[in-house]
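So the chains spell out like this:
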Amino acid sequence: FILMINQLWSLGNICSLLVIFRERSEEREQACLLLQTGDLTHEQANQIQLDCEQVKHEHSMLPALLYGLVFELWLACFVAKSLSDLIQERQNDCYNEALIRLVWSTHRETWTKLGVFEAVVATQFEELGSTLEARGTSGVQRKVMKMFTKQASCGSV
């Protein structure tokens, strides 16, 4: 993220330089036009170190160079953002993997505790059945208790 901020700052600087150099180039171009029309003397042009051939060359090369730099920085920003997204995705994948492991661990623990609970319930039903038999309950009540005991033991399998 910091790399991308630095590149965006550089992109802003390059754009500022583009504007400054473009204005300077236009001023020097205007001075060359004044020299051609005779409104500016050769002596005055020498004092301000005006070279019209160099101005023409700069005028043709400078924008292409600066636009190339802007494109290069834009491309670097794109690569930095892509890398940042890739790193973030890896971190998210690690978090997701940890969450899945936690869910499965909790799932296994829950099923283990549920098995223990079913065993306790089955034992309680068996004890209740033996208590009812000891009291001499009717055959229908014993059948109902056996049915509950079978269901409780089937659930723990």
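For clarity, every value in this text was computed on a predicted model and none was experimentally measured.

Asks: Go over the overall build of the chain, please, and point to the residues and values.
Replies: Broken down by element type, the chain carries four helices and zero strands. Walking the chain from its N terminus toward its C terminus, one meets helices and strands in the order α-α-α-α. Counting over 157 residues, the chain shows a buried share of 16%. Of the contacts made within the chain by residues no fewer than 6 positions apart, 64% connect residues no fewer than 24 positions apart. For the chain, the computed accessible surface area is about 12,500 Å², with 63% contributed by carbon and sulfur atoms.

Asks: So what about the nonpolar core? Which residues, and what values?
Replies: Grouped together as the largest cluster of nonpolar side chains are eight residues: Ala-31, Cys-32, Leu-35, Leu-40, Ala-45, Leu-50, Cys-52 and Val-55. Mapped by element, the contributors of at least two residues to this core are α1 (2-37) and α3 (52-135). Take this core: its biggest share by element is three residues, from α1. Setting aside anything within four residues of it in sequence, one finds Cys-52 in contact with Cys-32 and Leu-35.

Asks: Lay out a nonpolar patch on the surface with the relevant residues and their values.
Replies: Residues Phe-71, Trp-74, Leu-75, Phe-78, Val-79, Leu-83 and Leu-86 make up a contiguous nonpolar surface patch of about 700 Å² in total accessible area. For Trp-74, the location among the structural elements is in helix α3. Exposure remark for Trp-74: the relative accessible area of 49% places this residue in the partly exposed category.

Asks: Describe empty space enclosed by the protein, and please don't skip the residues or the numbers.
Replies: For the structure on display, the rule yields one cavity of 30 Å³ or more. The volume enclosed by the largest cavity comes to roughly 30 Å³. Along its surface, the largest cavity is lined by Leu-18, Arg-22, Ser-25, Leu-62, Pro-63 and Leu-66. When contributions to the lining of the largest cavity are tallied by element, the ones reaching two or more residues are α1 and α3.

Asks: Got a sec to walk through the pattern of salt bridges? Specific residues and values, please.
Replies: Two side chains of opposite charge can pair, provided their charged atoms sit close to one another. In total, this model carries three salt bridges according to the counting rule given. Residues Asp-85 and Lys-81 are paired through a salt bridge, measuring 2.9 Å at the closest nitrogen-oxygen approach. With Asp-85 and Lys-81 both in helix α3 and four residues apart, this pair spans about one turn of that helix.

Asks: Can you explain the environment of Leu-65? Please cite residues and give values.
Replies: Note on placement: Leu-65 falls in helix α3. The sequence separation of Leu-65 and Leu-18 amounts to 47 residues, and the corresponding C-alpha distance is 9.5 Å.

Asks: Please provide a residue-by-residue account of the side chain of Arg-28, values included.
Replies: Considering the arrangement of structural elements, one finds Arg-28 in helix α1. Accessibility expressed as a relative area gives 17% for Arg-28, which makes it buried. Residue contacts for Arg-28: discarding those within four places in its chain leaves Gln-49, Leu-50, Gln-54, Val-55 and Glu-58.

Asks: An account of the environment of Cys-15 is requested, with residue identities and associated values reported.
Replies: Mapped onto the secondary structure, Cys-15 falls in helix α1. The spatial distance from the C-alpha of Cys-15 to the C-alpha of Tyr-67 is 8.7 Å, given a sequence separation of 52 residues.

Asks: Give me α3: which residues, what numbers.
Replies: Taking 1.5 Å per residue as the helical rise, α3 with its 84 residues ought to reach 124 Å, and the 122 Å between its terminal C-alpha atoms agrees with that figure. A maximum bend of about 30° is found in α3 at Met-61, where proline Pro-63 lies one to four positions downstream. Those residues of α3 that sit buried are Cys-52, Val-55, Leu-66, Val-70, Leu-73, Cys-77, Ala-80, Ala-122 and Gly-129.

What counts and what doesn't
- Residues numbered from 1 in each chain as written.
- Predicted model: local features only at pLDDT ≥ 70, side-chain atom pairs only at ≥ 80, totals over all residues.
- Heavy atoms only, no water.
- Helix = DSSP H or I, 4+ residues; strand = E, 2+ residues; numbered from the N terminus.
- Buried < 20%, exposed > 50% of the residue type's maximum accessible area, 1.4 Å probe, protein only.
- Contact = heavy atoms within 4.5 Å.
- Areas by Shrake-Rupley, 256 points an atom, 1.4 Å probe, with all protein chains shown as cover.
- Core = buried A, V, L, I, M, F, W, Y, C linked by side-chain atoms within 4.5 Å.
- Patch = residues over 30% accessible without salt bridge, like charges linked within 9 Å, V, L, I, M, F, W, Y side chains within 5 Å.
- Salt bridge = Lys/Arg side-chain N within 4 Å of Asp/Glu carboxyl O.
- 1 Å grid on protein atoms, 1.4 Å probe; cavity = no way out; pocket = protein on both sides within 12 Å on 5 of 7 lines; lining within 4 Å.
- Points joined across faces, edges and corners; volume = space filled by probe spheres on them.
- Expected span 1.5 Å × (residues − 1).
- Bend = angle between axes of the 7 residues up to and from the residue.

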